[in-house]
Amino acid sequence: MMADKRVHRDCTVGIVGGGAAGMMAAITAARQGAAVTLMEGNDRLGKKILVTGNGKCNLGNENLEPEEYYTGCPDFLERCLEQFSTQDAISFFRRIGLMVKSKNGYLYPACGQASAVLDVLRFEVRALGVQVITNCKIQRIEVAYPQNGIRLWDSGGRSYEFHRVILACGGRAAPKTGSDGSGYRLARQLGHGLIPTVPALVQLKCREEYFKSVAGVRAEARLEVMTGGKCVAAERGELQLTETGISGIPVFQLSRVVNYITAGGRDRTKEVEVVVDFLPDAGGEPCERLMAGRSLLLQEGRSVEEFFTGMLHKKLMQLFIRLSGLKPSEPAASADREKLHRVFELCRHWRVHVTGSASYESAQVCAGGIPLDEVTQDLESKKARGVYFAGELLDVDGKCGGYNLHWAWCSGYLAGRAAARDGRLVRP
């Protein structure tokens, strides 16, 4: 990734979007010797980076595998990841001054601050002489103006001309940080299609009205997404209950699957249930055996509430007792056995009906986007020569764990490198 000393800065590259992918593209193209202009709609660069990883910025993962991503073209994605590995990312950040640490394979800045990641990127952008234009919202793009060049227009009517352009303006997730979907409009102007987008890595909303009574509860659990009587996805981890439904890492991992059923449009008529097992370590042990294991407690004169104390969070047990038709204060020894069994069933197979998810405002990423089969392996548009894509605009979204930021670094690097090299060969 060293700069090519033979290159002259008469190759101009315009980059739309000053987030993670855009800054990486700018740094890479500038190191190749291109004259780079970075255009950002916000008043400063990298606003979204500051909120990643709860402010700690999970910037990558040592377990970088294509299976950790969703895309319509997995083989294409794998070839991209081979060109910019986890070690490449670590080396890149160390070179620009950031110390990186690993926590169970998750990569973070050693200082624990997302602001440090943004700072070193900004410093490098400045050191390489990249021109930065903020509060610049690009509205229109025209290719082959006047001869193989590209012209952009912003919302104020100003125009900009470049040899090559990289669109890295994000998807629709977290629009307050600047990801407003404008990149999709620019792609459509070039003739690109779009795989329908949905919020991903986001909380799910449920139909049941009793969630306020268990809001705030956190518990280890295994979750299965059920639709049409079949399990279509499963995850395990710490489940978080909210006033409107379910959250936590396992829910985030499942949210894109759910949204493509309930909101994305593949089959909106299907009902989606999430089945929660709060005793995942019990394996296939039947509820009858679990109940038998506590049978001695029935002889101690305990109430129903006391009989179930010590199994799960108190709020959960109170809810399950109520849903089973029992009273917490009634003697457990004389309680209806089928209703007691029902409580155990709820601990192992609690079914909630999902109606959708929180909006893009709460989503960490956006699933869907420009199909990878509409770009070359260098991420150049097959519809418009000289235009490249990077980051969330493309149909690639990863699971929790730094995978989405790695895609930003990887795609920004590939697009920036190719745009600078390509611009040297064909100029207006």
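Residues numbered from 1 in each chain as written. Predicted model: local features only at pLDDT ≥ 70, side-chain atom pairs only at ≥ 80, totals over all residues. Heavy atoms only, no water.

J.: Please give an account of the sheet that holds strand β6 (residues 106-109) that cites residues and values.
T.: Ordered by their spatial adjacency, three strands build an open sheet running β3-β6-β5, and the pairing between neighbours is antiparallel. On the outer flanks of this sheet lie β3 (60-61) and β5 (100-103), each paired with one strand and no other. Relative to β6, β5 is paired through four bridges, and the arrangement is antiparallel. Counted as the bridge partner of Val100 is Pro109 from β6. (Pairing = 2+ DSSP bridges. Helix = DSSP H or I, 4+ residues; strand = E, 2+ residues; numbered from the N terminus.)

J.: I'd like a rundown of the nonpolar core, residues and numbers included.
T.: Judged by nonpolar contacts, the single largest core of 92 residues is most densely connected at Leu59, Phe93, Leu121 and Trp409. Among the elements that line this core, the one with the most residues is helix α11 (residues 403-425), at 12 residues. Ignoring sequence-local partners within four residues, the contact set of Phe93 consists of Leu59, Leu98, Val100, Val117, Val120, Leu121 and Trp409. (Core = buried A, V, L, I, M, F, W, Y, C linked by side-chain atoms within 4.5 Å. Buried < 20%, exposed > 50% of the residue type's maximum accessible area, 1.4 Å probe, protein only. Contact = heavy atoms within 4.5 Å.)

J.: Run through the side chain of Asp397, naming residues and quoting values.
T.: Secondary-structure assignment places Asp397 in strand β21 (residues 397-398). In terms of polar contacts, Asp397 uses its side chain to reach the side chain of Arg256, at 2.9 Å. Excluding residues that lie within four positions of it along the chain, Asp397 makes contacts with Tyr69, Tyr70, Ala200, Arg256, Val365, Cys366, Ala367, Gly368 and Asn404. (Polar contact = N/O pair within 3.5 Å; in protein donor to acceptor, adjacent residues only side chain to side chain.)

J.: Quick rundown of the sheet that holds strand β15 (residues 230-241)? Include the residues and the values.
T.: An order of β13-β16-β15-β14-β17-β18 is seen for the six strands of this closed barrel, with the pairing classed as antiparallel. Taken pair by pair, the neighbouring strands of this sheet meet at an average axis angle of 45°, ignoring direction. With three bridges connecting them, strand β13 (residues 204-206) and strand β18 (residues 350-357) associate as antiparallel partners. Within β18, the position partnered with Leu204 by the bridge is Ser357. Along the sheet face, helix α6 (residues 249-262) touches β13, β14 (218-227), β15, β16 (245-247), β17 (272-277) and β18 and points at about 140° away from the line of β15. (Axes fitted to C-alpha atoms, helices over the stretch in contact; angles between N-to-C directions.)

J.: Would you mind going over the pairing of strand β1 (residues 12-16) in detail, with residue names and values included?
T.: Across the five residues of β1, four count as buried, placing the element largely inside the fold. With five bridges connecting them, β1 and strand β2 (residues 35-39) associate as parallel partners. The residue bridging Thr12 from the neighbouring strand is Ala35, located in β2. In this fold, β1 hands off to helix α1 (residues 20-31), which returns the chain to β2; that crossover is right-handed. Two elements, β1 and strand β11 (residues 164-167), share four bridges in a ladder whose sense is parallel. Looking at the pairing, Val13 lines up with Arg164 of β11. (Right-handed = clockwise from strand over helix to strand, strands pointing away.)

J.: How would you sum up the packing of helix α9 (residues 314-323) against helix α10 (residues 337-348)? Please name residues and give values.
T.: One can describe the packing of α9 onto α10 by two numbers: an axis separation of 9 Å at closest approach and a directional angle of 130°. For the element pair α9 / α10, the angle class is oblique. Judged by the twist between their axes, the crossing of α9 over α10 is right-handed. Listed contacts from α10 to Met317, Phe320, Ile321 and Leu323 of α9 are Val343, Leu346 and Cys347. The residue makeup of the contact of α9 with α10, split by class, is seven nonpolar, no polar and no charged. (Parallel < 35°, antiparallel > 145°, perpendicular 65-115°, else oblique. Left-handed = near helix turned anticlockwise from the far one by under 90°. Nonpolar A, V, L, I, M, F, W, Y, C, P; charged D, E, K, R; others polar.)

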